[in-house]
Every structure is written in structure tokens, then in C-alpha cells.
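Observations on the model geometry
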Amino acid sequence: MSILDLMLPIFPTLFKKETGKNFLEYVTELRIQNAKNYLIQTNYDIAEVASAVGYNDLKYFSKLFKKTTGLNPSEFRKLYS
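Residues numbered from 1 in each chain as written. Predicted model: local features only at pLDDT ≥ 70, side-chain atom pairs only at ≥ 80, totals over all residues. Heavy atoms only, no water.

1. What about a nonpolar patch on the surface?
A surface patch of nonpolar side chains, about 870 Å² in accessible area, is lined by M1, I3, L4, L6, M7, L8, I10 and L14. Top contributing element to the nonpolar patch by residue count: helix α1 (residues 3-7), with four residues. Relative to the helices and strands, I3 is located in helix α1. (Patch = residues over 30% accessible without salt bridge, like charges linked within 9 Å, V, L, I, M, F, W, Y side chains within 5 Å. Areas by Shrake-Rupley, 256 points an atom, 1.4 Å probe, with all protein chains shown as cover. Salt bridge = Lys/Arg side-chain N within 4 Å of Asp/Glu carboxyl O. Helix = DSSP H or I, 4+ residues; strand = E, 2+ residues; numbered from the N terminus.)

Below is the structure:
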């Protein structure tokens, strides 16, 4: 038995205790923050931004972006660019 075998079951609990979020929530937050940066700092179209931050489904990305920020990606870009 390795240390990894011992740590794997408690990782989710430790991660949430340290960050206040589960791992998926944390990764999603990072991806959306990166997407916001791309939208402000580049001329990438929305599909390129989605792909750059790890989402291959544009519809899902747009839905998640709006859920997280309150704006769709186009609205966000207009407001903050």
C-alpha cells in the first residue's frame, strides 16, 4: 500500500477544508476567471475562449459562465473591454 492509497480517500475532505470548495468548484472558478481574462485581453471569439479554458461545448461554457458571473460571455466582454 502506498501513501497515495492512503491519501486518496481523504483528499476531497482536506481540499474542501483548505479551500472552502470542492475540487470541481475550484477548477470551474479558475477556468471562468481565465475566461474572463481572455475576454477582456484578447479578440478571441467565444468558442476560442471556451476551448482555451478547457470547454469544448460552447453551449455548456456559455451557460456555466452566465451562472457564475450573471452575464453571458458577450455581455461580459462588452461591459469590461
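Right, picking up where we left off after that structure.
2. What to know about the pattern of salt bridges
Counted according to the given criterion, the structure contains one salt bridge. When the shortest N-O distance is used, the salt bridge between E29 and K21 registers 3.3 Å. On the accessibility criterion, K21 (24% relative accessible area) is partly exposed. (Buried < 20%, exposed > 50% of the residue type's maximum accessible area, 1.4 Å probe, protein only.)

3. Describing the environment of T13
On the secondary structure map, T13 appears in helix α2 (residues 11-19). Residue classification places T13 among the exposed residues on the basis of a relative accessible area of 56%. Spatially, the C-alpha atom of T13 lies 28 Å from that of A35, the residues being 22 residues apart in sequence.

4. Digging into the nonpolar core
Nonpolar side chains tend toward joint burial in soluble globular proteins. Grouped together as the largest cluster of nonpolar side chains are twelve residues: I32, A35, L39, I46, V49, A50, V53, Y55, F61, L64, F65 and F76. Listed by contribution, the elements that provide at least two residues to this core are α3 (23-41), α4 (46-52) and α5 (58-69). Apart from the residues within four sequence positions on either side, L64 is in contact with T28, I32 and Y55. (Core = buried A, V, L, I, M, F, W, Y, C linked by side-chain atoms within 4.5 Å. Contact = heavy atoms within 4.5 Å.)

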